[in-house]
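Working through the structure, step by step
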Amino acid sequence: QVQLVESGGGLVQPGGSLRLSCAASGSIRTIYALGWYRQAPGKQRELVATITSGGSTKYADSVKGRFTISRDNNKATLYLQMNSLKPEDTAVYYCNAATVLGGSWGQGTQVTVSS
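As a starting point, this report considers the structure included with it. In this text, all values refer to a predicted model and were calculated from it rather than measured experimentally.

Procedures and definitions
Residue positions within a chain follow its written sequence, with the count starting from 1. For a predicted model such as this one, the threshold for reporting local features is a pLDDT of at least 70, and the threshold for listing and counting side-chain atom pairs is 80 or more; totals across whole chains, interfaces and linings nevertheless cover every residue. Side-chain descriptors were evaluated using all non-hydrogen atoms of the structure, hydrogens and water having been removed beforehand. We define a salt bridge as a side-chain nitrogen of Lys or Arg found within 4 Å of a carboxyl oxygen belonging to Asp or Glu. Three labels apply to residues, based on accessible area from a 1.4 Å probe with only protein chains included: buried if under 20% of the type maximum, exposed if over 50%, partly exposed otherwise in between. We call a pair of cysteine sulfur atoms a disulfide when they lie within 2.5 Å. Where helices and strands are cited, they refer to DSSP runs of H or I of at least four residues and of E of at least two residues respectively, numbered from the N terminus.

With that settled, the discussion passes to the pattern of salt bridges. Summed over all chains, the structure comprises 4 salt bridges. Between lysine 64 and aspartate 61 there is a salt bridge, with the nearest N and O atoms lying 3.5 Å from each other. For aspartate 61, a relative accessible area of 67% puts it in the exposed group. Sharing partners across several salt bridges, the network here consists of Arg38, Glu46, Arg66 and Asp89.

Laid out in structure tokens, this is it:
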């Protein structure tokens, strides 16, 4: 199994930036895709960005051009660089690892964008 721990969330003003990190441990060799999701109060969890083992990335239309997903295999860490943040980006952000044995989720980190 894979264990994930997110960090880097916090309070930021509109237009500001944050970088989220997700440290992975366990059976990391079984991961074929990684992703960031977010969930705002009263809303369903939604996909923000994904990156495959081959390095292909996808983004939700709402964050395209503002967010960048990346990974550091040497540190077994997934990142989400968030720029030009908007109040509607406020949510708990979760990282996810997809493996042939199932998916793993982190505990989440709160991102609040407010003036």
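Going through the model one piece at a time under the given rule, you end up with 1 disulfide. Two residues, cysteine 22 and cysteine 95, share a disulfide whose sulfurs are 2.0 Å apart. On the S-S bond that ties cysteine 22 to cysteine 95, the torsion sits near 60°, and the link is right-handed. Pair noted here: cysteine 22 is in strand S3 (residues 18-26) and cysteine 95 is in strand S9 (residues 91-99), with a separation of 73 residues, a long-range link. Like cysteine 22, the residue cysteine 95 is buried in the burial classification.

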